[in-house]
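Here is what each chain is made of, one letter per residue.
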Amino acid sequence: MHTEPEPITVPRLRAMKQEGRPIACLTAYDASFARVLDEAGIDLVLVGDSLGMVVQGRETTLAVTVDDMVYHTRCVARGLRRALLVADLPFASYAQPAQALDNAARLMRAGARVVKLEASANQAEIVRHLGAQGIPVCAHLGLRPQSVHKLGGYRRQGAGEAEAAQMLEDAALLARCGADLLLLECVPPRLAAEIRANVEVPVIGIGAGPDCDGQILVLYDLLGVSLGPVPPFARNFMNAAPDIPGAVSAYVAAVRGRRFPERG
Ligand code: KIV
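Residues numbered from 1 in each chain as written. Predicted model: local features only at pLDDT ≥ 70, side-chain atom pairs only at ≥ 80, totals over all residues. Heavy atoms only, no water.

## Considerations on the pairing of strand 7 (residues 203-206)
In step 1: Side chains of strand 7 alternate between two faces, with V203 and G205 and I204 and I206 buried alike.
In step 2: Relative to strand 7, strand 6 (residues 181-185) is paired through four bridges, and the arrangement is parallel. Looking across to strand 7, one finds that L184 is bridged to G205.
In step 3: At this point the chain moves from strand 6, through helix 9 (residues 189-198), to the parallel strand 7, and the crossover so formed is right-handed.
In step 4: Inspection of the sheet shows strand 7 paired to strand 8 (residues 214-217) by two bridges, in the parallel sense. (Buried < 20%, exposed > 50% of the residue type's maximum accessible area, 1.4 Å probe, protein only. Helix = DSSP H or I, 4+ residues; strand = E, 2+ residues; numbered from the N terminus. Pairing = 2+ DSSP bridges. Right-handed = clockwise from strand over helix to strand, strands pointing away.)

## As for the packing of helix 4 (residues 66-79) against helix 5 (residues 97-109)
In step 1: Here helix 4 crosses helix 5 at 20°, and the two axes come no closer than 8 Å. Taken together, the axes of helix 4 and helix 5 are roughly parallel relative to one another. The two elements helix 4 and helix 5 meet at a crossing, and its hand is right-handed. Within the contact between the two elements, helix 4 uses V66, D67, M69, V70 and T73 and helix 5 uses N103, R106 and L107.
In step 2: Across the contact of helix 4 with helix 5, the residue classes break down as four nonpolar, two polar and two charged. (Axes fitted to C-alpha atoms, helices over the stretch in contact; angles between N-to-C directions. Parallel < 35°, antiparallel > 145°, perpendicular 65-115°, else oblique. Left-handed = near helix turned anticlockwise from the far one by under 90°. Contact = heavy atoms within 4.5 Å. Nonpolar A, V, L, I, M, F, W, Y, C, P; charged D, E, K, R; others polar.)

## A few points about the pattern of salt bridges
In step 1: Under the counting rule described, the total for this entry stands at 12 salt bridges.
In step 2: In this structure, the salt-bridge partner of R12 is E19, at a minimum N-O distance of 3.6 Å.
In step 3: Look at R12 and you get partly exposed, because its relative accessible area is 27%.
In step 4: E19 sits in the partly exposed class, given a relative accessible area of 47%.
In step 5: Salt-bridge contacts for D213 lead to K17; the nearest nitrogen and oxygen are separated by 2.8 Å. Pair noted here: D213 is in the loop between strand 7 and strand 8 and K17 is in helix 1 (residues 10-19), with a separation of 196 residues, a long-range link. (Salt bridge = Lys/Arg side-chain N within 4 Å of Asp/Glu carboxyl O.)

## Section: the packing of aromatic side chains
In step 1: With the rule as written, the count across this model stands at four aromatic pairs.
In step 2: Note on F237 and Y251: the rings are 5.4 Å apart at their centroids and 80° apart in plane angle, and the pair reads as edge-to-face. Of the two residues, F237 sits in the loop between helix 10 (219-223) and helix 11 (244-256) while Y251 sits in helix 11, which places them 14 residues apart along the sequence.
In step 3: Residue classification places F237 among the buried positions, given a relative accessible area of 3%.
In step 4: Given a relative accessible area of 0%, Y251 falls into the buried group.
In step 5: Ring plane angle 80° and centroid distance 5.5 Å describe the contact between F237 and F260, whose orientation is recorded as edge-to-face. Linking F237 in the loop between helix 10 and helix 11 with F260 in the segment after helix 11, this pair joins segments that are 23 residues apart in sequence.
In step 6: Ring pairs connect the aromatic residues F237, Y251 and F260, which therefore count as one cluster. (Phe/Tyr/Trp six-rings, centres within 6.5 Å; stacked < 30°, edge-to-face > 60°.)

## Some thoughts on the sheet that holds strand 5 (residues 137-142)
In step 1: Spatially, the eight strands close up into a barrel ordered 1-2-3-4-5-6-7-8, and their pairing is parallel. When strand polarity is set aside, the average angle formed by the axes of neighbouring strands in this sheet is 25°.

## Digging into the side chain of T60
In step 1: Mapped onto the secondary structure, T60 falls in the loop between helix 3 (51-54) and helix 4.
In step 2: Looking at T60, the relative accessible area reads 18%, which means it is buried.
In step 3: Filtering out sequence-adjacent residues up to four positions away, T60 remains in contact with G52, M53, V148, H149 and Y154.

## A closer look at the site of the ligand
In step 1: Residues in close proximity to the ligand include T27, L46, G48, D49, S50, D88, K116, H140, L183, E185 and I206, which together make up its full environment.
In step 2: In the model, an oxygen atom of the ligand is placed 3.1 Å from a nitrogen or oxygen of the D49 side chain.
In step 3: The contact in question runs from an oxygen atom of the ligand to an N or O atom on the side chain of K116, over 2.8 Å.
In step 4: Protein burial of the ligand: of its 260 Å² of free accessible surface, 95% is covered by the chains.
In step 5: The residue inventory of the shell around the ligand, partitioned by class, reads three nonpolar, four polar and four charged. (Near = heavy atom within 4 Å. Polar contact = N/O pair within 3.5 Å; in protein donor to acceptor, adjacent residues only side chain to side chain. Areas by Shrake-Rupley, 256 points an atom, 1.4 Å probe, with all protein chains shown as cover.)

Dropping the structure here:
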């Protein structure tokens with residue numbers, strides 16, 4: 001008898017953190033890849049605004065619109081049965097609480113179960129406002145690509161003592177304000193481990209070392225088909241399997257077995 005897989009929920013991810021079960025996450029932008037990821041056991045699929053770079057061929061994510069995100073979220077939602085669907089609020093779409101709510105609602109109606117926004121303490125009230133309306137939020141800290149021009153490039157964040165202390169404080173604040181997940185991009189592994197120990201919500205890392213509750217990669221980096229320079233923390237899993245479903249399964253096994261990323 002064919003049984004439908006039990007869908008992953010926000011509370012389920014929190015339980016995985018408590019049980020010490022690593023959470024395997026990847027980005028996707030269309031229904032067919034979403035189905036491949038789902039069947040390989042990926043727990044969380046992110047419709048990232050990285051689509052501006054890997055799908056649209058732009059140099060940054062800044063031109064991605066809410067309409068773009070709604071379109072790709074709908075496509076991915078049709079491919080998923082089990083994995084939790086998270087969708088990005090794109091650049092300048094959550095500057096004010098009312099604007100953030102309107103745009104988050106569009107993503108939720110398109111099939112997202114969680115919205116992600118790039119955050120520091122400045123976004124704490126937005127996170128609180130969305131949570132109060134029943135919208136789960138993932139707060140993305142560290143390297144925030146929507147702020148690339150302010151940061152002066154795609155560089156590691158939180159390396160200095162003061163910067164690390166600020167990120168630790170911001171992460172705790174965002175969790176207190178109701179963020180259901182944190183995502184840390186390109187931060188020192190020791191800082192990621194400290195943030196993870198300091199909050200009860202799951203912490204997903206990308207370029208943040210092995211001591212996170214879960215790992216995420218941009219799908220096209222895993223497949224070795226990205227247009228631009230590939231970040232040093234990415235790995236091409238097509239070297240580990242003869243086909244795409246095999247490469248995604250190899251990634252899931254490596255994350256679950258704590259073999260990716262390697263302890264450095
Ligand atoms: O947009 C995206 O794909 C992301 C990942 C880099 C985590 O935010």
